[in-house]
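Remarks on the overall topology
The residues making up each chain are set out below.
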Amino acid sequence: MTVITRFAPSPTGRLHLGNLRAALINWLHARANGGRLLLRIDDTDAARSEERFVAAIRDDLAWLGIDTAEEVRQSARFDRYEACFAQLVAAGRVYPAYETPEELDLRRKVLLGRGLPPVYDRAALRLSEADRAGLEAEGRRPHWRFRLDHDAPIGWHDLVRGEQRFDAARLSDPVVRRADGSWLYLLPSVIDDIDLGVTTVIRGEDHVSNTATQIQMFGSLGAALPEFAHVALLTGAEGKLSKRLGATGVDEFRALGIEPEAVVAMLARLGTSDPVEPILDRAPLIEGFDFARFGRAPARFDEADLQALNARIVHQLDWNHVADRLPEGMDRTGWDAIRANLSTVAEAADWWRVVTGPVPAPALADEDRGFVRQAASVAESLDWDAGVWGTLTAALKQASGRKGRSLFLPLRLALTGRDHGPDMAALLPLIGREPALERLRAAG
Ligand code: GLU
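Throughout what follows, the structure given in this document is the object of discussion. (Residues numbered from 1 in each chain as written. Predicted model: local features only at pLDDT ≥ 70, side-chain atom pairs only at ≥ 80, totals over all residues. Heavy atoms only, no water.)

1. Looking at the overall build of the protein
If you tally the helices and strands in the protein, you get 20 helices and twelve strands. Seen along its three principal axes, the alpha-carbon backbone of the protein occupies a region of about 110 × 45 × 40 Å. When each of the 444 residues of the protein is scored for burial, the buried share is 47%. Each charge class in the protein can be summarised by its mean position, and for the 55 positive and 64 negative side chains these summaries are 3 Å apart. (Helix = DSSP H or I, 4+ residues; strand = E, 2+ residues; numbered from the N terminus. Buried < 20%, exposed > 50% of the residue type's maximum accessible area, 1.4 Å probe, protein only. Lys, Arg positive; Asp, Glu negative; His and termini not counted. Charge placed at Lys NZ, Arg CZ, Asp CG, Glu CD.)

2. Notes on the pairing of strand 5 (residues 143-146)
Neither face of strand 5 is left uncovered, since the one carrying His143 and Arg145 and the one carrying Trp144 and Phe146 both have all their residues buried. Bridge count for strand 4 (residues 94-97) against strand 5 is four bridges, and the pairing is antiparallel. Looking at strand 5, one finds that Tyr95 is bridged to Arg145. (Pairing = 2+ DSSP bridges.)

3. Some words on the site of the ligand
Around the ligand, the neighbouring residues are Arg6, Ala8, Ser10, Asp42, Tyr185, Ser189, Arg203 and His207. Ser10 has a polar side-chain atom sitting 3.2 Å from a nitrogen atom of the ligand. Between the ligand and the protein, one listed contact pairs an oxygen atom with a side-chain N or O atom of His207 at 3.0 Å. Each residue belonging to the shell around the ligand can be placed in one class, and the counts come to two nonpolar, three polar and three charged. (Near = heavy atom within 4 Å. Polar contact = N/O pair within 3.5 Å; in protein donor to acceptor, adjacent residues only side chain to side chain. Nonpolar A, V, L, I, M, F, W, Y, C, P; charged D, E, K, R; others polar.)

4. Re the packing of helix 16 (residues 366-380) against helix 18 (residues 404-416)
Where helix 16 meets helix 18, the closest approach of the two axes is 10 Å, and the angle between their N-to-C directions is 75 degrees. The angle between helix 16 and helix 18 places the two elements in the roughly perpendicular class. Packed against helix 16, whose contacting residues are Asp368, Phe371, Val372 and Ala375, the element helix 18 presents Ser406, Leu407, Pro410, Leu411 and Ala414 at the interface. Considering only residue class, the contact of helix 16 with helix 18 consists of seven nonpolar, one polar and one charged. (Axes fitted to C-alpha atoms, helices over the stretch in contact; angles between N-to-C directions. Parallel < 35°, antiparallel > 145°, perpendicular 65-115°, else oblique. Contact = heavy atoms within 4.5 Å.)

5. Some thoughts on the packing of aromatic side chains
Throughout the structure, instances matching the rule amount to eleven aromatic pairs. Between the aromatic rings of Tyr81 and Trp183, the centroid separation amounts to 5.9 Å while the plane-to-plane angle is 75 degrees, which identifies the pairing as edge-to-face. Note that Tyr81 is positioned in helix 3 (residues 78-90) and Trp183 in the loop between strand 8 (175-177) and helix 6 (186-195), a separation of 102 residues in sequence. Accessibility assignment for this pair places Tyr81 and Trp183 in one class, buried. Ring-pair connections join several aromatic residues into one group, and the members of that group are Phe78, Tyr81, Phe85, Trp144 and Trp183. The residue whose ring lies beneath Arg177 is Trp183, and the NZ or CZ to ring-centre distance is 3.9 Å. Against the face of Trp27 rests Arg282, its NZ or CZ located 5.5 Å from the ring centre. (Phe/Tyr/Trp six-rings, centres within 6.5 Å; stacked < 30°, edge-to-face > 60°. Lys NZ or Arg CZ within 6 Å of the ring centre and 35° of its normal.)

6. Quick look at the sheet that holds strand 5
To summarise the sheet geometry, strands pair through backbone hydrogen bonds and adopt either a parallel or an antiparallel arrangement. Strand order in the open sheet formed by three strands is 4-5-8, and the pairing between neighbours is antiparallel. Bordering the open sheet on either side are strand 4 and strand 8, each of which pairs with just one other strand. Neighbour-to-neighbour, the strand axes of this sheet turn through a mean angle of 45 degrees, independent of strand direction. Bridge analysis of strand 5 against strand 8 gives two bridges, and the strand direction is antiparallel. In the sheet register, Trp144 faces strand 8, and the bridge partner there is Arg177. Relative to strand 4, helix 3 is tilted by about 85 degrees, and along the sheet it contacts strand 4, strand 5 and strand 8.

7. Some words on the side chain of Thr272
Of note, Thr272 is situated in the loop between helix 10 (260-269) and helix 11 (282-287). If we ignore the near neighbours within four places in the chain, the residues touching Thr272 are Arg293, Phe294 and Gly295.

8. Here's the deal with the pattern of salt bridges
Under the counting rule described, the total for this entry stands at 39 salt bridges. In this structure, Arg177 and Glu82 form a salt bridge, with 2.8 Å as the shortest nitrogen-oxygen distance. Of this pair, Arg177 sits in strand 8 while Glu82 sits in helix 3, and the two are 95 residues apart along the sequence. Taking the relative accessible area as the measure of exposure, Arg177 reaches 10% and is therefore buried. For the salt bridge of Arg332 with Asp318, the shortest nitrogen-to-oxygen distance reads 3.0 Å. Of this pair, Arg332 sits in helix 14 (residues 332-338) while Asp318 sits in the loop between helix 12 (303-314) and helix 13 (319-322), and the two are 14 residues apart along the sequence. Note on Asp318: relative accessible area 34%, which makes it partly exposed. One continuous salt-bridge network, built from bridges that share partners, spans Arg6, Arg40, Asp42, Arg77, Arg80, Asp192, Asp193 and Asp195. (Salt bridge = Lys/Arg side-chain N within 4 Å of Asp/Glu carboxyl O.)

9. Here we look at helix 1 (residues 17-32)
What sets the pattern is the α-helix's 3.6 residues per turn: residues three or four places apart point alike. In this model helix 1 runs 22 Å from its N-terminal to its C-terminal C-alpha over 16 residues, within 8% of the 22 Å that 1.5 Å per residue would give. Among the residues of helix 1, Leu17, Leu20, Arg21, Ala22, Ala23, Leu24, Ile25, Asn26, Trp27, Leu28, His29 and Ala30 are the ones counted as buried. (Expected span 1.5 Å × (residues − 1).)

10. Observations concerning the nonpolar core
Membership of the largest hydrophobic core comes to 87 residues, with the highest contact counts inside it found for Phe253, Phe291, Trp335, Ile338 and Leu440. The biggest single contributor to this core is helix 1, with nine residues. With sequence-adjacent residues up to four places away left out, Ile338 is seen in contact with Met330, Trp351, Trp352, Val355, Pro422 and Leu427. One finds Phe85, Leu186, Met217 and Leu221 within the second-largest nonpolar core, a separate group that totals 31 residues. (Core = buried A, V, L, I, M, F, W, Y, C linked by side-chain atoms within 4.5 Å.)

11. Quick notes on helix 10
With ten of ten residues buried, helix 10 is to be regarded as a mostly interior element. Every buried residue of helix 10 is listed here: Pro260, Glu261, Ala262, Val263, Val264, Ala265, Met266, Leu267, Ala268 and Arg269. Residue Gly271 follows helix 10 closely and has a positive phi angle near 85 degrees.

Written out as structure tokens, the structure is:
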């Protein structure tokens with residue numbers, strides 16, 4: 001049986017970190033099993049769904065490298081929902097209810113006041129034909145509830161949470177359709193999962209109680225159950241996830257110079273028993289993917305960890321991968337010389353300016369100025385090849401008796417204008433003979 005997973009965002013806003021993680025886990029599970037991931041756009045709410053968010057969802061997934069086999073839109077499937085709805089009404093599994101939100105709220109409060117669970121009392125099931133006609137004559141339109149079977153035990157083996165059991169009698173019959181005819185998410189989702197042959201429903205643990213009611217919906221439509229995996233939610237370093245990372249999609253990551261590979265490496269492992277590592281290649285992430293490795297405790301997301309991971313990803317990126325984002329003229333040799341010093345690819349431009357110059361002449365102590373003048377004349381007489389930094393410093397060590405920091409630092413300052421940076425052995429050939437001699441002379 002081919003594994004089919006689905007990522008089902010509502011296009012009412014940008015994807016947040018939790019959504020991206022759900023998308024990735026669905027993708028990894030599909031990949032790990034030679035299966036397929038579907039993108040389901042949950043746009044039944046016409047008032048709140050927007051095309052620009054649909055486009056942003058596609059872009060964000062593409063940025064992360066999460067490809068989907070197919071895209072389905074709930075708004076294109078209303079006829080199908082209507083047909084299933086009619087079938088469930090005829091079978092008595094969906095029934096009309098007329099309470100107003102205020103009435104329901106009052107009843108909930110009364111139950112809570114008595115220390116009872118606020119479960120819907122099914123008053124609507126006791127209405128006669130005449131009662132209903134009366135209410136409709138008053139202008140009331142019904143909303144629709146799914147009648148849970150109180151005698152059927154609800155249970156499933158969750159791939160993350162293990163054995164799950166619910167007592168249907170302690171759950172409210174869920175509202176599946178509003179009085180204006182619009183759909184709530186629960187029933188259409190089940191119909192889609194059946195029709196699309198979804199084998200594994202993977203989502204956040206905030207959906208566990210939805211699953212309890214949806215399990216009976218699968219049964220009521222004569223369908224077998226898919227597998228379920230509810231992953232623990234993400235929390236921020238200080239409890240809640242920050243609003244910023246909670247709501248801006250991947251734009252915030254891009255603005256911070258975070259590579260998609262870093263986001264993937266982190267989200268694939270966060271909350272699992274495997275360490276988060278700077279893994280550039282997806283193959284090991286896919287091969288090692290296993291729900292058994294996911295913990296039940298909330299996973300802690302720390303932006304500083306992501307930035308540190310990102311630097312370690314950047315250090316591994318091949319020039320081909322970043323060439324179109326590098327400054328004019330920065331070739332493979334330039335990238336290889338500099339990348340180990342970067343936290344983000346964008347910082348390459350800054351170091352490249354150090355190579356191309358001009359660099360500010362540093363204010364050196366008198367004795368160091370003498371030393372760099374000496375360096376200029378030694379450098380002038382050398383063969384300017386790839387090993388020039390080694391030859392230059394060896395010759396200067398002999399000639400000046402300097403070593404360590406007092407040998408290297410004045411040279412670095414004179415040649416780059418900075419006291420730290422990429423390996424000088426790689427940098428000096430890039431700077432080139434004439435500019436290097438000029439810089440040494442200027443600093444002296
Ligand atoms: N549209 C729902 C949500 O974003 C889908 C949940 C599900 O995966 O079934 O929460």
